[in-house]
Amino acid sequence: MVFKKIAPFIILSSLILAVSGMRVSSAVDLADRLRGRILIQTQSHGEAWYVYPTDLRRYYLGRPADAYLLMQRLSLGVTDADFSGWNGLAPARLAGRIILKTQDHGRAYYINPADLKLYYLGRPADAFDLMRRFGLGITDRDLITIRVGKLAALPAPTYLPASAFEEKIQELINLERSANGLSLLKWNSALAAVAREHSTDLAAENKTLIDNNRLCGYPFIHHEGDIFGLYHNQRLNNRGVYYFSSSAENIALIPMVKQIEYRDTGADVPAGACQDRLSALNSAYETAIENAADDAAKLALLRSERDKRATLLSSEPTIQITGSVWQSQTDIENQTVSGWMASPGHRRNILNAEYDEAGVGVARVNDYFIITQVFIKRADCGYKDGACCHKAGYYPYCFIPLDCADNLCR
């Protein structure tokens, strides 16, 4: 499963109130008269902007989630005492500001310049609704006279060690199993080591397939391996894990960056084009692997696909990043599990009642995390070097292709 960030783009189908009859003597006068207002670019794609009252610059609101984040970053902290003292009507000096109640879980409110009333920004959807209600239409000619503001890029957060990710993801998986009436998966460090090794191999491979300074990237996430086993059960065996009767594997690629802001490349690339290309590549590869004649053909496909994607990346135009919004560790953990639960195949593995042990392995590459989880149904007999299985009316037996000799499977 692959998750890819997308450059911010929004088309608002909101009802727009035109700014009409406005005569201004200068660009500064226009920005001053629109301080704190939300503007809708009527002659373009309905892009929304917020005129920050402090510097009179306009800030792009992007998608609903982006608008909410930006409003949080441009907010002013107030105490509960100050907030209560306003009795629902803010002072005129705060017209157009976003205020944050620092003693009340950081609740955010927008002060509408038109009536000085406070409007709660509870969720991204609320911020979007606010744009629909209070957005003022503005022409491109007037808009370009207001200078664009840029937020300082947030530094990358300090993430906990990979082991903390691994344990938390397993915990979240067990919450999903518990909610569906299933027993919890027991943590198996040997499985985690195999999962971690596959994630690490994928990370090394993707070093040349992911580059945030290119317009599109072509990450390659796959179950097949050519280093210590083509299939996950082979990888388990090759690391001395034989004690299972069935197994499965989930993989995810999660970006550390939820939004990248960059200067226009001049390339005419429709929104979503990068993701469409990647989806087409993934689909074609999966079909080819399923139809491959044998393991040798699968390995050949795997290696040629890597070369193809590296060539595609090298031809992508470069971009100049001007800002990044980073995901928290909690965001990454939750996105991993929610993504798996939204995918039928991954969900089946998670909610398979037969599996009783699992391990998670995490690796990092070029501002992405690769997460692999391996599941098994533990076997008490029949596996290599284990005891032979015994059943009334049957000779002692082992899993194919092993044979029972001296009560041991060889």
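Parameters and conventions
- Residues numbered from 1 in each chain as written.
- Predicted model: local features only at pLDDT ≥ 70, side-chain atom pairs only at ≥ 80, totals over all residues.
- Heavy atoms only, no water.
- pLDDT = per-residue confidence, 0-100.
- Helix = DSSP H or I, 4+ residues; strand = E, 2+ residues; numbered from the N terminus.
- Contact = heavy atoms within 4.5 Å.
- Pairing = 2+ DSSP bridges.
- Axes fitted to C-alpha atoms, helices over the stretch in contact; angles between N-to-C directions.
- Core = buried A, V, L, I, M, F, W, Y, C linked by side-chain atoms within 4.5 Å.
- Buried < 20%, exposed > 50% of the residue type's maximum accessible area, 1.4 Å probe, protein only.
- Disulfide = S-S within 2.5 Å.
- Expected span 1.5 Å × (residues − 1).
- Arc of directions from axis to C-beta.
- Polar contact = N/O pair within 3.5 Å; in protein donor to acceptor, adjacent residues only side chain to side chain.

A. Quick look at the confidence of the model for the protein. When pLDDT is averaged along the protein, the result is 86; 90% of the residues meet or exceed 70. Ranking the elements of the protein by mean pLDDT puts strand β1 (residues 17-18) last with 30 and strand β10 (residues 186-187) first with 98. In the model, residues 1-25 has pLDDT below 50 throughout and makes 72 contacts with residues more than four positions away in sequence or in other chains.

B. Layout of the sheet that holds strand β7 (residues 107-111). Strands sit in the order β5-β6-β7-β8 across an open sheet of four strands; the sheet is mixed. Pairing within the sheet leaves two strands with one partner each, and these edge strands are β5 (76-78) and β8 (118-120). Between one strand axis and the next, the sheet turns by 35° as a mean value, whatever way the strands run. As defined by bridge partners, strand β6 (residues 98-101) adjoins β7 across four bridges and the pair is classed as antiparallel. Within β7, the residue paired with Ile98 across the bridge is Tyr110. Its contacts with the sheet place helix α4 (residues 124-134) against β7 and β8, and it is angled at close to 140° to β8.

C. Summary view of the nonpolar core. Among the nonpolar cores identified, the biggest contains 27 residues, and Phe369 and Ile371 are the most heavily contacted of them. Setting aside anything within four residues of it in sequence, one finds Ile371 in contact with Ile169, Ser199, Asn250, Ile251, Ala252, Ile254, Thr336, Trp340, Val360, Gly361 and Val362. Among the nonpolar cores identified, the runner-up in size contains 21 residues, and Ala48, Leu61, Ala67 and Leu70 belong to it.

D. The arrangement of the state of the cysteines in detail. If you walk through the whole model with that rule in mind, you get four disulfides. In this model, Cys216 is linked to Cys274 through a disulfide, with the two sulfur atoms separated by 1.9 Å. Judged by the torsion about the S-S bond (-65°), the Cys216/Cys274 disulfide is left-handed. Of the two residues, Cys216 is situated in the loop between α7 (189-206) and α8 (232-238) and Cys274 in helix α9 (residues 273-291); the sequence distance between them amounts to 58 residues. The side chain of Cys388 participates in a disulfide bridge whose partner is Cys404; the two sulfur atoms lie 2.0 Å from each other. Looking along the S-S bond of the Cys388-Cys404 disulfide, the torsion reads about 105°, which is the right-handed sense. Taken as a pair, Cys388 in the loop between β15 (368-378) and β16 (404-405) and Cys404 in strand β16 lie far apart in primary sequence, 16 residues in all. In the protein, the bonded cysteines, numbered by position in the sequence, are linked as 1-2, 3-5, 4-7, 6-8.

E. Seen up close, the sheet that holds β15. The four strands lie next to each other as β10-β14-β15-β11, forming an open sheet whose pairing is mixed. Looking at the sheet topology across the chains shown, the edges are occupied by β10 and β11 (244-255). Two elements, strand β14 (residues 357-365) and β15, share nine bridges in a ladder whose sense is antiparallel. When the bridges of β15 are listed, Ala358 appears paired with Phe375. Contacts between helix α6 (residues 162-179) and the sheet are confined to β10, β14 and β15, with β14 contributing the most and set at about 135° to the helix. Along the sheet, helix α11 (residues 329-341) contacts β11 and β15; its crossing angle with β11, the most-contacted strand, is approximately 125°.

F. Expanded view of helix α10 (residues 295-314). Between its terminal C-alpha atoms α10 stretches 29 Å, which fits the 28 Å expected from 20 residues at 1.5 Å a residue. For α10, the full list of buried residues reads Lys298, Leu302, Glu305, Arg306, Arg309 and Leu313. One side of α10 carries all its buried residues, which in axial view fall inside an arc of 100°. With respect to the buried face of α10, the exposed residues turned more than 90 degrees away are Ala296, Asp307 and Thr311. The inward-facing, buried residues of α10 contact α7 and α9. Where α10 begins, the capping side chain belongs to Asp294, and its oxygen is found 3.3 Å from the backbone nitrogen of Ala296.

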